[in-house]
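# Examination of the molecular architecture
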Amino acid sequence: MSRTDVPDPALLRGMTSRRLGRRDALRLGGVPAVGAFLAACGVEGKGTPQASVAPDAVEKFWAGRTRTGKVDFANWPLYMDPKKPELTRFTERTGIQVNYQEVIQEMGPWFAKVQPQLSAGRSIGVDLMVITNSVQFGQFRDAGFLAPLDHAKLPHYAANAAESYAREAFDPGNVFSVPWASGITGIAYDATRVGREITSLSDLWDPRFKGKVGMFADIQELANFGLLAVGLKPGDSGEQQWRRAAAKLKQQKDAGLVRNYYDQSYVDALGKGEIWITQAWSGDIFQKNLSDGTDLKFVIPAEGGTIWTDNMTIPVTAANPVDAIMLMDFFYEVGTAASLAGYINYVCPVPAAQEQIRKDAAAATGPDREALTRVADSPLVFPGEADYARLHYYVDFDTAEEQRAFQNIFQPITLS
Amino acid sequence: MNRVRRTLAPYLLVLPGWLWLLLFFVVPMATMFSLSLQQGDIVNGYRFTGHWQNYLDAVADYRTQLLRSLVYGLVTTVALVVLSFPVAYWIAFYGGRRKPTYLFLILLPFFVSFVLRTISWRQILTDDGMLLHPLKQAGLLPDGFHVLGTSYAVIFGLIYNFLPFMVLPIYVALERIDPRVVEAARDLYATPLTAFRKVVLPLALPGVFAGVLMTFVPASSDYVNSSVLGSASTTMIGQVIQVQALSNSNYPMASALSFTLMAVLLSGVFGYARMLGTQDVMKVAAR
């Protein structure tokens, strides 16, 4: 995995320099009086350097906060057994009521939805939210919207989390987040239609699959594969590399290879034969095979795949942060992690959960036993060291300009 | 005192209406227009700088999608007139006692969510779905044949989803025609075709006009059909606006595109009204 021990440059800059605030810009710009009314109708940003990475930020945030007996938890759909056995256990043990809402569908819209309230320092009615290491993670972090975590309150995390998670480029040292689950982006294919084994990214450029290739509409995911296909590492890339990757992706599109740029609907398209080979998320394929009895294959391409992480975070305006961090830590108990991974089948951040699932499988009977054994043995839920070595992190942005340049380069491929 | 009250009364009566317009029309529009001239980013906030370049950039980057939306909207509207006129004509003149039932049947699919209906078409039209699979099995279609992801699928979806908005206004216009006028034409030796051309059609024209207005504008700015039934080469401008606003949080670009679309549609509608010799667009549409 291309994780580095060097802290994210954006974070460093956040600590050392002052951002140009909205008010400064107005003063500098000399907006004419006519524009004053129009100027009043805008989107406010945070506009101040974040204080939350200061050494006393953790103490400052947590001082005087106490348990309230409830947590509002915002998560993605299908990210927990609908019966929520883990939350029931948590409530039984602590007496804390959890209001679980599956309200996050995509990162962009979620950020856009909560940004105005967070900017104004108001509660968004959420104490714990699961957000991906995407462009928006950086936006949440840089705008100072995330509460710094008090690691003294996370004993199970310290004891059970896989070590590598503390080195994640988007949040080194887990200052603001701890992983909920990770996933691998690789290639999925229907072996009966493709007729051969798929091992490489170049298969997504194979003219034999003209019109039968699926790619992701998410431009970060798309760009990652373009970069890997031209032999570059997404984590170390810049504008010049992006242009090369975009050219490669454009070539794939112009040759008529790509049937469409998909959101989650690619699973359906693959199942129906609309596409034969596609960019895919590991857990989806594992779940699809398990639930529909299909035999779709998932591979991490020879050139490498990517790993993403969905992370538990506490918004800075949370009303019940103590209860939220208790729930956060609860998911790092081996039993809870095993029970969750057994259902969602994404990469589990607690390695010891694998052994626990094996034990559970031994105790179970019939199809349950078979399913649990498959989960415990799956390299997609518990990847080995060799798998991790081939996984890359996402493109990181140092500035908003860089991010806009990235969007301008890749967005025209999916929206043309 | 009485005179003051009398002078003020009309204004006071109109006040709620004005407040409504101000709150729900002027403020959002002004906000959007302001956004279209701002610069910045979502983290640090957008600020008003009178940046007209947003418009030039929006049009330069997305003129293909803008043009495509207008073409799709136009094709959809023409197809809708051709399809809806006979339907409306038949219901109006031959529907008899069952007219309400037929109208209800036209509207029935609309009790189901727009998005769900479109997704159902996705299931039907999919490559090896219930429609194409048997035809391919029978050798009537080549293996690689597909409908989903093509312009045809998107336009088909638009036609399907906007049909009632064309049928209903044309029906209303036809329904108002006094059958005796047609009889009179026939009495004066007009052939059925001439009677239709010279009497029925001109009288139905306001309905067609209203129908065109009610379908062309939303069809051109639709984004559901193109994202559910289309592919990367059928992107419409609504989809671009949606992605720019919701995924990229690029509000200035999204607003600039919306205003550009609005300007193009308005000039199109007024041009069309002129062509038909109609001075007051809204009056005809409301008839």
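The name given to chain B in an unreviewed UniProt entry is Spermidine/putrescine transport system permease protein, with Actinoplanes teichomyceticus as the source organism. Per UniProt, chain B carries the Subcellular location (unreviewed entry) text "Cell membrane".

Chain A has the name Spermidine/putrescine transport system substrate-binding protein in an unreviewed UniProt entry, where Actinoplanes teichomyceticus is given as its organism. Entered under Subcellular location (unreviewed entry) in the UniProt record, the comment concerning chain A runs "Periplasm".

How big an interface is tends to be reported as the loss of accessible area on association of its parts. Residues and elements named next belong to chain B. Domain assignment breaks chain B into domain 1 (1–36) and domain 2 (50–286). Computed from C-alpha coordinates alone, the two centres of domain 1 and domain 2 are separated by 34 Å. The interface of domain 1 with domain 2 comprises five residues on the first partner and eleven residues on the second. Across the interface of domain 1 and domain 2, roughly 650 Å² is buried in total on both sides, 74% from carbon and sulfur atoms. Contact with domain 2 buries area across many residues of domain 1, yet M32, L35 and S36 alone supply 69% of it, more than any other trio. For the interface between domain 1 and domain 2, the tally reads zero salt bridges. For the pair domain 1 and domain 2, the interface holds two residue pairs in polar contact (both at pLDDT 80 or more). Taken together, the residues that form the side of domain 1 that touches domain 2 break down as four nonpolar, one polar and no charged.

Contacts between chain B and chain A engage 39 residues on the former and 47 residues on the latter. Surface buried jointly by chain B and chain A totals about 3,500 Å² across both partners, of which 52% is contributed by carbon and sulfur atoms. Where chain B meets chain A, there are four salt bridges. Residue D127 of chain B is joined to R259 of chain A by a salt bridge in which the shortest nitrogen-to-oxygen separation is 2.8 Å. In this assembly, chain B and chain A are joined by 13 residue pairs in polar contact (both at pLDDT 80 or more). Contributions of two or more residues to the side of chain B that touches chain A are made by α1 (2–35), β1 (38–41), β2 (45–48), α2 (53–94), α4 (114–125) and α10 (237–247) of chain B.

Of all the bends in α2 of chain B, the largest measures some 75° and sits at Y62 of chain B. Of the residues trailing α2 of chain B, G96 of chain B is marked for its positive phi of about 55°.

Okay, the UniProt feature "transmembrane region" (unreviewed entry) in chain B next. Cross-referencing UniProt, the feature "transmembrane region" (unreviewed entry) maps to residues 69–91, 103–124, 144–174, 195–217 and 253–273 of chain B in the present numbering. Regarding residues 195–217 of chain B, the helix share stands at 100% and the strand share at 0%, and the terminal C-alpha atoms are separated by 32 Å.

Moving on, we come to the nonpolar core. By size, the foremost hydrophobic cluster in this structure holds 97 residues, and its most contacted members are F140 and W180 of chain A. Contact partners of W180 of chain A, with chain neighbours within four places excluded, come to F73, N75, Y79, M80, V130, D310, N311, M312, F331, L340, I344 and P349 of chain A. In this structure, L37, I170, L174 and V200 of chain B belong to the second largest nonpolar core, which totals 50 residues.

The next thing to look at is the side chain of S282 of chain A. The residue S282 of chain A is located in helix α13 (residues 282–292) in this model. Not counting residues up to four positions away in its chain, the partners in contact with S282 of chain A are G183, I184, F298, Y346 and L380 of chain A.

Quick look at the confidence of the model for chain B now. Scored by pLDDT, chain B comes out at a mean of 89, with 96% of its residues at no less than 70. On the interface metric, ipTM, the complex scores 0.78, and its pTM is 0.79.

In total, this model carries two cavities of 30 Å³ or more according to the counting rule given. Considered as a void within the structure, the largest cavity measures approximately 100 Å³ in volume. If you list the elements that add at least two residues to the lining of the largest cavity, you get β4 (177–190) and α15 (334–344) of chain A. Among the elements that take part in the lining of the largest cavity, α15 of chain A stands out by supplying four residues, more than any other. For the lining of the largest cavity, the residue count by class is 15 nonpolar, no polar and no charged. Of the volumes computed, that of the second largest cavity is approximately 40 Å³. In terms of lining, the second largest cavity is formed by R259, N260, Y262 and E274 of chain A together with R122, L148, G149, L229, G230 and S231 of chain B. The element best represented in the lining of the second largest cavity is strand β6 (residues 258–262) of chain A, accounting for three residues. For the lining of the second largest cavity, the residue count by class is three nonpolar, four polar and three charged.

Another aspect to go through is the pattern of salt bridges. Inspection of every chain in the model, using the stated rule, returns 21 salt bridges over all chains. With its nearest N and O atoms 3.3 Å apart, the salt bridge here joins K250 of chain A to D254 of chain A. Residue K250 of chain A and its partner D254 of chain A are located together in helix α11 (residues 239–254), separated by four residues, close to a single helical turn. In this structure K250 of chain A comes out as partly exposed when scored by relative accessible area, which is 39%. Between K288 of chain A and D292 of chain A there is a salt bridge, with the nearest N and O atoms lying 3.0 Å from each other. Of this pair, K288 of chain A and D292 of chain A both sit in helix α13, four residues apart, which is roughly one turn of that helix. For D292 of chain A, a relative accessible area of 48% gives the class partly exposed. Beyond isolated ion pairs, a larger network of salt bridges with shared partners links D190 and R193 of chain A together with D128 and K136 of chain B.

What counts and what doesn't
Residues numbered from 1 in each chain as written. Chains lettered and ligands numbered in written order. Predicted model: local features only at pLDDT ≥ 70, side-chain atom pairs only at ≥ 80, totals over all residues. Heavy atoms only, no water. UniProt positions renumbered as here; feature names shortened; annotations may be inferred. Domains from an automatic or database assignment. Contact = heavy atoms within 4.5 Å. Buried area = accessible area lost by both parts, 1.4 Å probe. Salt bridge = Lys/Arg side-chain N within 4 Å of Asp/Glu carboxyl O. Polar contact = N/O pair within 3.5 Å; in protein donor to acceptor, adjacent residues only side chain to side chain. Nonpolar A, V, L, I, M, F, W, Y, C, P; charged D, E, K, R; others polar. Helix = DSSP H or I, 4+ residues; strand = E, 2+ residues; numbered from the N terminus. Bend = angle between axes of the 7 residues up to and from the residue. Core = buried A, V, L, I, M, F, W, Y, C linked by side-chain atoms within 4.5 Å. Buried < 20%, exposed > 50% of the residue type's maximum accessible area, 1.4 Å probe, protein only. pLDDT = per-residue confidence, 0-100. 1 Å grid on protein atoms, 1.4 Å probe; cavity = no way out; pocket = protein on both sides within 12 Å on 5 of 7 lines; lining within 4 Å. Points joined across faces, edges and corners; volume = space filled by probe spheres on them.

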